[in-house]
Amino acid sequence: MLIGKVVGSVVATRKDEKLSNLKLLVVQVHGHDNKPKDQYVVAVDSVQAGVDDMVLFATGSSARQTTQTDARPVDAVIMAVVDSWDLGGANVYEKWA
Amino acid sequence: MLIGKVVGSVVATRKDEKLSNLKLLVVQVHGHDNKPKDQYVVAVDSVQAGVDDMVLFATGSSARQTTQTDARPVDAVIMAVVDSWDLGGANVYEKWA
Amino acid sequence: MLIGKVVGSVVATRKDEKLSNLKLLVVQVHGHDNKPKDQYVVAVDSVQAGVDDMVLFATGSSARQTTQTDARPVDAVIMAVVDSWDLGGANVYEKWA
Amino acid sequence: MLIGKVVGSVVATRKDEKLSNLKLLVVQVHGHDNKPKDQYVVAVDSVQAGVDDMVLFATGSSARQTTQTDARPVDAVIMAVVDSWDLGGANVYEKWA
Amino acid sequence: MLIGKVVGSVVATRKDEKLSNLKLLVVQVHGHDNKPKDQYVVAVDSVQAGVDDMVLFATGSSARQTTQTDARPVDAVIMAVVDSWDLGGANVYEKWA
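Attention in this report is confined to the structure presented alongside it. What you see is a predicted model, and the numbers here were worked out from it, not measured in a lab.

Criteria and thresholds
- Residue numbering note: each chain is counted from 1, following its sequence as written.
- For this description, chains carry letters from A and ligands carry numbers from 1, given in the order in which they are written.
- Two thresholds apply to this predicted model, a pLDDT of at least 70 for residue-level local features and 80 or more for giving and counting side-chain atom pairs, whereas whole-chain, interface and lining totals are computed over all residues.
- Hydrogens are left out, water is left out, and the side-chain values use all remaining heavy atoms of the structure.
- Helix numbers and strand numbers start at the N terminus; a helix is a DSSP run of H or I with at least 4 residues, a strand a run of E with at least 2.
- Throughout, radius of gyration means the C-alpha value; the globule benchmark is 2.2 Å times the number of residues raised to the power 0.38.
- Buried, partly exposed and exposed residues are distinguished by accessible area as a fraction of the type maximum, computed with a 1.4 Å probe on protein chains only: under 20%, between the cut-offs, and over 50%, respectively.
- What makes two residues a contact is simply this: any of their non-hydrogen atoms within 4.5 Å.
- Method for areas: the Shrake-Rupley scheme with a 1.4 Å probe, in which residue coverage is limited to the protein chains shown.
- The term buried area means the drop in 1.4 Å probe accessible area that two parts suffer when joined, counted for both and summed.
- Any Lys or Arg side-chain nitrogen located within 4 Å of an Asp or Glu carboxyl oxygen qualifies as a salt bridge.
- For the purposes of these results, a polar contact is taken to be a pair of N or O atoms within 3.5 Å, where, inside protein, one atom must be able to donate a hydrogen and its partner to accept one; residues adjacent in sequence count only when each atom of the pair is a side-chain atom.
- Between any two strands, pairing holds if DSSP finds at least two bridges.
- Least squares is the method for superposing the copies, and the C-alpha atoms it fits come from residues with pLDDT of at least 70 in both.
- Grouping buried Ala, Val, Leu, Ile, Met, Phe, Trp, Tyr and Cys residues that are joined through side-chain atoms within 4.5 Å yields what is termed a nonpolar core.

### Re the overall build of chain A
In step 1: For chain A, the count of helices and strands is zero helices and seven strands.
In step 2: Across chain A, helices and strands are ordered from the amino to the carboxyl terminus as β-β-β-β-β-β-β.
In step 3: In terms of C-alpha radius of gyration, chain A reaches 14 Å, essentially the compact-globule figure of 13 Å for 97 residues.
In step 4: Taken across its 97 residues, chain A has 58% of its residues classed as buried.
In step 5: Of all intrachain contacts in chain A linking residues separated by at least 6 positions in sequence, the fraction that spans at least 24 positions is 51%.
In step 6: Summed over all atoms, the accessible surface of chain A reaches about 3800 Å², with 46% contributed by carbon and sulfur.

As structure tokens, then:
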């Protein structure tokens, strides 16, 4: 998994029928130092994430292991909202700070 | 998933029998800021996309989760035509503008 | 899928038994502008491709969806010989030109 | 698999129910010369690894082949703590040195 | 698949039980011109490869399609020792030269 920040959302009316009722969010990938990278992914939201939330996302077939994404043609899913992480014992990000 | 623009199509007569009746489109990958990247993929079309459409595509085993691509040797599928997306509340792309 | 050119072949006598009778070709990846990239893959041939053919190849689990590659430890397959492709209506490559 | 060093951990309360009771560690990827790379992954721990341990991690569907990760939406797992490795007969890393 | 050279091995005592009795080799990736790249993978050996052997390795779920790696949490396998390969009719590597 990688850490990213929810920065937007995508609207698509014409789509494969298996995509119905899925929320598609734009996630900007962050480094483990919490610096934004010039890299993004459009991921299905399985945890009611919102804009500015730091999240964990999984890609590939693992993205189809949630109840919402099972057997659907999606290759990225947000499966957690990050509360905090640390590096070498020092806090890097704290949602509730 | 990533966002891309349909820029062309591929014709192939000699191919695995499981590729029959699939439309193969050339998709140029775009950044979430809508700038084109020097990266492309040839993807199966599952939504009757056309040239200049902005689309979402999925890769890997997820590309085989549509009715058209099930059990076929393809690793990329266009599964949605993008109407619009926003970043930080500001519209980045609007199909009908 | 990506487009590539068949540039060579690999000989391997000592190999997993599931690799028997598979032809292994060296494919140089090309851009959608048909410029060769400094990137290659060794792919199983499922369409009797030959040196100098422009081909489409699929990677990952999708590479195991042909009759020849089913359940084998291979992660890339040539599943089509490209006749032609176009970008923005202009022909980029034409096999029979 | 790649070699990495455990450098931190991630806390996430709001998450897919299938993520319950999984420890999420931040792993910095190392080269085979043991130099740290500017690349990381958040991986599920299946071997009770701790901070500063050198570990092996697997990604993609292979990350779901441990008892802890089976059928869960995770795409990276730590499946071994590295004791040592060598290159060309010379020891590169030795846990117990 | 990619071509690589076996340059070392990894020892790991504490590991997932499904990793028992697997030999883990460090493979440096080579280009199709046989130049070493600054890229490596730790792969399971399924063909009794040894240091300095040029090998083919497969990654992802395809790495689990050998008898040794079936259902194990590994994402790379050496499935062939390369005897030779050619580019444009010219021999690039010959094991027995």
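### Some details on the interface of chain A and chain B
In step 1: Every contact between the two is made by 31 residues of chain A and, on the other side, 32 residues of chain B.
In step 2: Three residues, R14, Y40 and D75 of chain A, lead the burial of chain A against chain B; their summed loss comes to 30% of the area buried on that side.
In step 3: On inspection of chain A and its partner chain B, the count reaches zero salt bridges.
In step 4: Taken together, the connections running from chain A to chain B amount to 18 residue pairs in polar contact (both at pLDDT 80 or more).
In step 5: Those elements that provide at least two residues to the side of chain A that touches chain B are β1 (2-11), β2 (24-30) and β3 (36-45) of chain A.
In step 6: The dominant element in the side of chain A that touches chain B, judged by the number of residues it contributes, is β3 of chain A, at six residues.
In step 7: Bridge analysis of β1 of chain A against strand β6 (residues 84-87) of chain B gives four bridges, and the strand direction is antiparallel.

### Let's talk about the relation of the copies chain A and chain B
Both copies of the chain are related through a single rotation about an axis accompanied by a shift along the same axis.
In step 1: Aligned on chain B, chain A shows an RMSD of 0.0 Å; the corresponding rotation is 72° and the shift along the axis is 0.0 Å. When the rotation and shift are considered jointly, the pair of chain copies conforms to a five-fold rotation axis.

### With respect to the relation of the copies chain D and chain A
In step 1: Least-squares fitting of chain D to chain A yields an RMSD of 0.0 Å, with the transformation described by 0.0 Å of translation along the axis and a rotation of 72°.
In step 2: Interface residue correspondence from chain D to chain A reaches only 3%, placing this contact among heterologous pairings that use different surfaces.

### A look at the interface of chain D and chain A
In step 1: Residue-level contacts link 31 residues of chain D with 32 residues of chain A.
In step 2: Summed over both partners, the interface of chain D with chain A comes to about 2400 Å²; 49% of that surface belongs to carbon and sulfur atoms.
In step 3: Counting across the chain D and chain A interface gives zero salt bridges.
In step 4: Among the secondary structure elements, those contributing two or more residues to the side of chain D that touches chain A are β1 (2-11), β2 (24-30) and β3 (36-45) of chain D.
In step 5: It is β3 of chain D that contributes the most residues to the side of chain D that touches chain A, six residues altogether.

### Let's talk about the pattern of salt bridges
If the charged atoms of two oppositely charged side chains come close together, the side chains can form a pair.
All names here are of chain A.
In step 1: For the structure on display, the rule yields 10 salt bridges over all chains.
In step 2: One salt bridge connects K95 with D53, and the closest N-O pair in it is separated by 2.9 Å. Of this pair, K95 sits in the segment after β7 (90-94) while D53 sits in the loop between β3 and β4 (54-59), and the two are 42 residues apart along the sequence.

### A short note on the nonpolar core
In step 1: Residues L56 of chain A, L56 of chain B, L56 of chain C, L56 of chain D together with L56 of chain E are the most contacted members of the largest nonpolar core, which totals 115 residues.
In step 2: Other than its neighbours up to four places away in sequence, L56 of chain B contacts V10, L24 and V42 of chain A together with M1, L2, I3, V77, I78, M79, A80 and V82 of chain B.

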